[in-house]
Amino acid sequence: MTWTEGTISRQPRTEEVKWPESGLPYMARQHAREYGNWHRTFLTHDDSVPDDLEGEFKALLKPRLKPRDGEIAREADLRYLPLARVVVPEHRHRIYYVYPGKSAPQVVILPSPQRTWQIVGAVLGVLVVLYLLSRLLS
């Protein structure tokens, strides 16, 4: 009689996929993380991708779910939140980010990039004037 023993161990590899990679301001992203009503779903390579995911994300996710050489299966744990970016013509210097909250829709209002640059320019102008006044008075 021969006793043969072996241990096969496999370290799972975690691959993080974030979409969109950029474009959402930090303040809106943080607010959504804290107050958003996130959807969670668990997928294997045999499952179909949920219909309420963006088409571009589906295209990004599908190839990553297919098992690669030497793999038996793949799985994904998804957390996603639908979000709308709204610009109202009457308030063109504001951008509204709307997403579902835990009990009601949440809205984050941020200044547009143009308004941000206007504010930066005004602050820099005031600093230059203060600097010049301090130089004249000293």
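Values in this document were obtained by computation on a predicted structure and should not be read as measured data.

Cut-offs applied
- Residues numbered from 1 in each chain as written.
- Predicted model: local features only at pLDDT ≥ 70, side-chain atom pairs only at ≥ 80, totals over all residues.
- Heavy atoms only, no water.
- Helix = DSSP H or I, 4+ residues; strand = E, 2+ residues; numbered from the N terminus.
- Rg over C-alpha atoms; globule rule 2.2 N^0.38 Å.
- Buried < 20%, exposed > 50% of the residue type's maximum accessible area, 1.4 Å probe, protein only.
- Salt bridge = Lys/Arg side-chain N within 4 Å of Asp/Glu carboxyl O.
- Core = buried A, V, L, I, M, F, W, Y, C linked by side-chain atoms within 4.5 Å.
- Contact = heavy atoms within 4.5 Å.

Here we look at the overall build of the protein chain
Turning to step 1, where the next piece is worked out: Helix and strand content of the protein chain: three helices and five strands.
Turning to step 2, where the next piece is worked out: Starting at the N terminus and walking to the C terminus, you meet the elements of the protein chain as α-β-α-β-β-β-β-α.
Turning to step 3, where the next piece is worked out: In terms of overall size, the protein chain is more extended than a compact globule, its C-alpha atoms giving a radius of gyration of 25 Å where 138 residues would be expected to give roughly 14 Å.
Turning to step 4, where the next piece is worked out: Once the C-alpha set of the protein chain is aligned to its principal axes, its extents read approximately 100 × 40 × 25 Å.
Turning to step 5, where the next piece is worked out: The buried share of the protein chain, reckoned over its 138 residues, is 18%.

Here we look at the pattern of salt bridges
Between side chains of opposite charge, pairing is possible as soon as their charged atoms come close.
Turning to step 1, where the next piece is worked out: This model, assessed by the stated rule, comprises one salt bridge.
Turning to step 2, where the next piece is worked out: A salt bridge links arginine 40 to aspartate 77; its shortest N-O distance comes to 3.0 Å. Of this pair, arginine 40 sits in strand E1 (residues 39-44) while aspartate 77 sits in strand E2 (residues 75-80), and the two are 37 residues apart along the sequence.
Turning to step 3, where the next piece is worked out: Here arginine 40 falls in the exposed class, since its relative accessible area comes to 56%.

Some points on the nonpolar core
Turning to step 1, where the next piece is worked out: In this structure, Leu43, Val49, Leu53, Phe57, Leu61, Leu65, Ala76, Leu78 and Tyr80 together form the largest nonpolar core, which totals nine residues.
Turning to step 2, where the next piece is worked out: Dropping the residues within four chain positions of it, leucine 43 is found in contact with Ser48, Val49, Pro50, Leu61, Leu65, Arg74, Glu75, Ala76 and Leu78.
Turning to step 3, where the next piece is worked out: Ala28, Tyr99, Val108 and Leu110 belong to the second largest nonpolar core, which has eight residues in total.

Everything listed here is a matter of coordinates, which is why it stays silent on function.
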